[in-house]
Number of protein chains: 2
Amino acid sequence: MKNIIISDPTLRDGNHAVGHQLSVEQVKIYAKAANAANVPILEVGHGNGIGASSLQVGLAKESDIDLLEAAKSQLTTTKLGIHCIPGFATIERDLKLALDIGVDVYRIASHVTEADVTKKHISFVRERGKEVYGVLMMSHMAGIETLVSEALKMESYGAEGVVIMDSAGAYLPQDVKKRVTALRTALNGHVGFHGHNNLGMGVANSLVAAECGATILDGTARAFGAGAGNTQLEVLIAVLEKSGYSTGVDLYKILDAGDIAEEYLIDVIPSVKSTSIASGMAGVFSGFIRHIDRVSISYGVDPRDVLFRLGKRGVVAGQEDIIIEVAQEIAEQQGKTK
Amino acid sequence: MKNIIISDPTLRDGNHAVGHQLSVEQVKIYAKAANAANVPILEVGHGNGIGASSLQVGLAKESDIDLLEAAKSQLTTTKLGIHCIPGFATIERDLKLALDIGVDVYRIASHVTEADVTKKHISFVRERGKEVYGVLMMSHMAGIETLVSEALKMESYGAEGVVIMDSAGAYLPQDVKKRVTALRTALNGHVGFHGHNNLGMGVANSLVAAECGATILDGTARAFGAGAGNTQLEVLIAVLEKSGYSTGVDLYKILDAGDIAEEYLIDVIPSVKSTSIASGMAGVFSGFIRHIDRVSISYGVDPRDVLFRLGKRGVVAGQEDIIIEVAQEIAEQQGKTK
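Because the structure is predicted, anything quoted here is derived from the model rather than measured.

A. Examining the packing of aromatic side chains more closely. This structure, assessed with the given rule, holds six aromatic pairs over all chains. Summarising the aromatic geometry, the rings of F285(B) and F288(B) are spaced 6.1 Å apart at their centres and angled 70 degrees between planes, so their arrangement reads as edge-to-face. Under the relative-accessibility criterion, F288(B) is labelled buried at 1%. A cation over a ring is seen here: R304(A) above Y252(B), with NZ or CZ 4.1 Å from the ring centre.

Put into structure tokens, the structure is as follows:
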């Protein structure tokens, strides 16, 4: 029976869905449920990872230390994990803090073409004997060759595996098959997949990833996450079990964890709406949607037009200014200048 | 470019989600949106099809004639379709009425092992020169050989194709692949697939069906339907377009139709909850879930235990009494007799 390591970012990606306002109490409630279900790794923190709380990307309700210690207090068998994006997170301030708190699993992330920026962070964690993985975000934006070479860099820095994120929910199963197969062939360590549900493929893509040799899969309770949400964890566990994979996660207790997340963490259960579908088709990061909706109203243009044009431009997180430029451009072409 | 015929049962399967209380006004609003999006077939009526409104399975708010005429009044290019289960529906009362109203597409349905009961209804419609399909419900409950032989019966009665329903949302992509491939090989006419989302696979399974030669796919706006809902139509259209299939459906306008369904038809957008997952794993019809929840509370047992035991017994719609028997049995075994 093939074994899959489940990593659960409900308390990190879910934070995106509530403007990073998860409380210490909420973290404790869900962490306890995940631990009871024997989830292997629980990822906790600001939506953009440790050290990311800021006016620009969103101030978290609680500090990193409070969030992580709250989770830690509830975990006996589940490992505590963090998402860490160099640029937001520094070694001196953030990784040292995580080590002090006793974080077990470190996932160092960059845009898919920027693995270089993870070198120091990965090495730093690896030298301290901790479990460390590389994460390639917006992975659909690179061709397979680039994807593999960036992943190999992360492995060369000391990562025990590389997780590819479908941050825009843009992949169809055939895309995942090609990419995970290529990574599985090239890498020595784990290959992981982190899905989003913009095109309704979160669970299906994760299953394909497992079939192609991925050994780490991410999912969140009730798909808690921005926009259309993530791969839904309880469904993923059921589907893996039905397909003959072993995860060690207790089915009934992970269903309970889903119920608990719905009751205590989630305002509105993620569903696939028009702008999510358009962002998945356009390959634009879901985190942009709120800005796009706002700007589109202000310029009197269709947010779907803005999304598709942003997709053609290949914009990435941090380029939010281009939304206004694109909306203005469309408004002018449609004679709606103001 | 491969062509797919989209059949949209939002105004029929969605009726399950609201206890068959869709109004004439709601039907008009959505029918207009579906017609604007150039949806090929719109299926309308009581959740269990024409003639099914009754105390036992649920009284509809509106009569069949009112529902169908309301839809018809809004359609210019979209064909009007009905779901028809012999037993609920009679030729004399219901099919003649549908012909009078001008229904274009007739889908005659039976449990997967009971195609025989559709013979008279299919022949009747065929002899009148109307478009008629066979539908095999709960199709996961038969082996592939039986599935094929039952489908062949429907074709021999005059059906232009056979649609298999994953009524319990129990299929994984590999299951769909095997079944649709076998049907594609055996049948002369269309093969269709109607998915449910209990295991999060509605859209993914439909895409696999298309890849294996299915040419009719069903989906509902925002997945409107009982429990975890159906294949989500707007997402399906996007995914088919991205995969190079032609449906004739306008992407922006079907996204609009989804928005309209959310605003005017749907109380709670379907999401995948614990009992839906358990029913998908157990292969039990989602329509049972409400009864199972009620009976389980009354006997103090876990509804998931009830679902899995019902799955082992192979219960089908109409056997609701067994729910009580099973709940009682579990309660006794757990020393919870009352």
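B. Inspection of the interface of chain B and chain A at higher detail. On the side of chain A, 36 residues touch chain B, which itself brings 36 residues to the contact. Buried area between chain B and chain A, both sides added, is near 3,100 Å², and the carbon and sulfur share of it is 64%. The salt bridge involving K273(B) is made with E262(A); its shortest N-O contact spans 2.6 Å. On inspection of chain B and its partner chain A, the count reaches 16 residue pairs in polar contact (both at pLDDT 80 or more). When residues of the side of chain B that touches chain A are traced back to their parent elements, those giving at least two are α8 (202–211), α9 (233–242), α10 (251–264), α11 (274–282) and α13 (303–313) of chain B.

C. Just the sheet that holds strand β8 (residues 216–218) of chain A, in detail. All names here are of chain A. Read around the barrel, eight strands follow the order β1-β2-β3-β4-β5-β6-β7-β8 and close on themselves; strand pairing throughout is parallel. Along the sheet, successive strands turn relative to each other by an average axial angle of 25 degrees, direction set aside. One ladder, built from four bridges, connects strand β3 (residues 79–84) with strand β4 (residues 105–111); its direction is parallel. Within β4, the residue paired with I82 across the bridge is Y106. Packing against the sheet, helix α1 (residues 10–17) makes contact with β1 (5–9), β2 (41–44), β3, β6 (161–165) and β7 (190–194), and its axis sits at approximately 35 degrees to β1.

D. The arrangement of the domain arrangement of chain A in detail. Residue and element names in this part refer to chain A. One can read the domain layout of chain A as domain 1 (2–265) and domain 2 (274–334). Across the boundary between the two partners, domain 1 contributes twelve residues, which contact twelve residues of domain 2. When domain 1 packs against domain 2, close to 940 Å² is buried across both sides, 62% of that on carbon and sulfur atoms. Counting across the interface, domain 1 meets domain 2 through zero salt bridges. Seen at the junction of domain 1 and domain 2, the total is four residue pairs in polar contact (both at pLDDT 80 or more). Class assignment for the residues of the side of domain 1 that touches domain 2 results in six nonpolar, six polar and no charged.

E. Layout of the relation of the copies chain B and chain A. With an RMSD of 0.0 Å, chain B superimposes on chain A once it is rotated by 180 degrees and translated 0.0 Å along the axis. What we have between these two chains is a two-fold relation. Closest to the rotation axis within chain B is the C-alpha of A204(B), separated from it by 3.1 Å. A shared interface surface links the copies, since 100% of the contact residues of chain B are contact residues in chain A too.

F. Here's a closer look at the packing of helix α9 (residues 233–242) of chain A against α11(B). Across the interface, α9(A) lies against α11(B) with an axial gap of 10 Å and an inter-helix angle of 15 degrees. What the angle tells us is that α9(A) and α11(B) run roughly parallel. In this structure, the crossing between α9(A) and α11(B) has a hand that is right-handed. Across the interface between the two elements, E234(A), V235(A), A238(A), E241(A) and K242(A) from α9(A) touch I277(B), G280(B) and M281(B) from α11(B). Among the residues forming the contact of α9(A) with α11(B), the class breakdown is four nonpolar, one polar and three charged.

G. Geometry of the pattern of salt bridges. All names here are of chain A. All chains considered together, the criterion is met by 40 salt bridges over all chains. Notably, a salt bridge pairs K153 with D116, separated by 2.8 Å at the nearest N-O pair. Of this pair, K153 sits in helix α6 (residues 144–157) while D116 sits in the loop between β4 and α5 (119–127), and the two are 37 residues apart along the sequence. Owing to a relative accessible area of 48%, D116 belongs among the partly exposed residues under this scheme.

H. Local environment of α1(A). Residues and elements named next belong to chain A. Of all eight residues in α1, six are buried, a share of seventy percent or more. Inspection of α1 places T10, L11, R12, D13, G14 and N15 among the buried residues, and these make up the whole buried set. Just downstream of α1 lies G19, where phi reads positive at about 60 degrees.

I. Expanded view of α10(B). Taking 1.5 Å as the rise per residue, α10(B) with 14 residues should run 20 Å; its terminal C-alpha atoms sit 20 Å apart, in good agreement. All of the buried residues in α10(B) are L251(B), I254(B), L255(B), A257(B), G258(B) and A261(B). Along the axis of α10(B), the buried positions cluster into a sector of 155 degrees, meaning they face one direction only. Where α10(B) is buried, its residues touch α11 (274–282) and α13 (303–313) of chain A together with α2 (24–36) and α9 of chain B. Its side-chain oxygen placed 3.2 Å from the backbone nitrogen of Y252(B), D250(B) serves as the N-cap of α10(B).

J. Expanded view of the sheet that holds strand β6 (residues 161–165) of chain B. All names here are of chain B. Pairing in this closed barrel of eight strands is parallel, and the strands run β1-β2-β3-β4-β5-β6-β7-β8 around the ring. The sheet shows a mean angle of 25 degrees between the axes of neighbouring strands, direction not considered. Relative to strand β7 (residues 190–194), β6 is paired through five bridges, and the arrangement is parallel. Residue pairing across strands places I164 opposite F193, the latter belonging to β7. Each of β1 (5–9) and β2 (41–44) is contacted by α2, which is oriented at about 165 degrees to β2, the strand it contacts most.

K. Looking closely at empty space enclosed by the protein. Per the counting criterion, the structure on display carries three cavities of 30 Å³ or more. Lining the largest cavity are 29 residues; nearest its centre among them are N197(A), Q232(A), V272(A), N197(B) and V272(B). Secondary-structure elements contributing two or more residues to the lining of the largest cavity are α8 (202–211) of chain A together with α8 of chain B. Here the lining of the largest cavity is composed, by residue class, of 13 nonpolar, 14 polar and two charged. What the second largest cavity holds in volume is close to 40 Å³. Along its surface, the second largest cavity is lined by R12(B), V44(B), G45(B), H46(B), G49(B), I50(B), D64(B), L68(B), I82(B) and H83(B). Residues of the lining of the second largest cavity, tallied by class, amount to four nonpolar, four polar and two charged.

What counts as what
- Residues numbered from 1 in each chain as written.
- Chains lettered and ligands numbered in written order.
- Predicted model: local features only at pLDDT ≥ 70, side-chain atom pairs only at ≥ 80, totals over all residues.
- Heavy atoms only, no water.
- Phe/Tyr/Trp six-rings, centres within 6.5 Å; stacked < 30°, edge-to-face > 60°.
- Buried < 20%, exposed > 50% of the residue type's maximum accessible area, 1.4 Å probe, protein only.
- Lys NZ or Arg CZ within 6 Å of the ring centre and 35° of its normal.
- Contact = heavy atoms within 4.5 Å.
- Buried area = accessible area lost by both parts, 1.4 Å probe.
- Salt bridge = Lys/Arg side-chain N within 4 Å of Asp/Glu carboxyl O.
- Polar contact = N/O pair within 3.5 Å; in protein donor to acceptor, adjacent residues only side chain to side chain.
- Helix = DSSP H or I, 4+ residues; strand = E, 2+ residues; numbered from the N terminus.
- Pairing = 2+ DSSP bridges.
- Axes fitted to C-alpha atoms, helices over the stretch in contact; angles between N-to-C directions.
- Domains from an automatic or database assignment.
- Nonpolar A, V, L, I, M, F, W, Y, C, P; charged D, E, K, R; others polar.
- Least-squares fit on C-alpha atoms with pLDDT ≥ 70 in both.
- Parallel < 35°, antiparallel > 145°, perpendicular 65-115°, else oblique.
- Left-handed = near helix turned anticlockwise from the far one by under 90°.
- Expected span 1.5 Å × (residues − 1).
- Arc of directions from axis to C-beta.
- 1 Å grid on protein atoms, 1.4 Å probe; cavity = no way out; pocket = protein on both sides within 12 Å on 5 of 7 lines; lining within 4 Å.
- Points joined across faces, edges and corners; volume = space filled by probe spheres on them.

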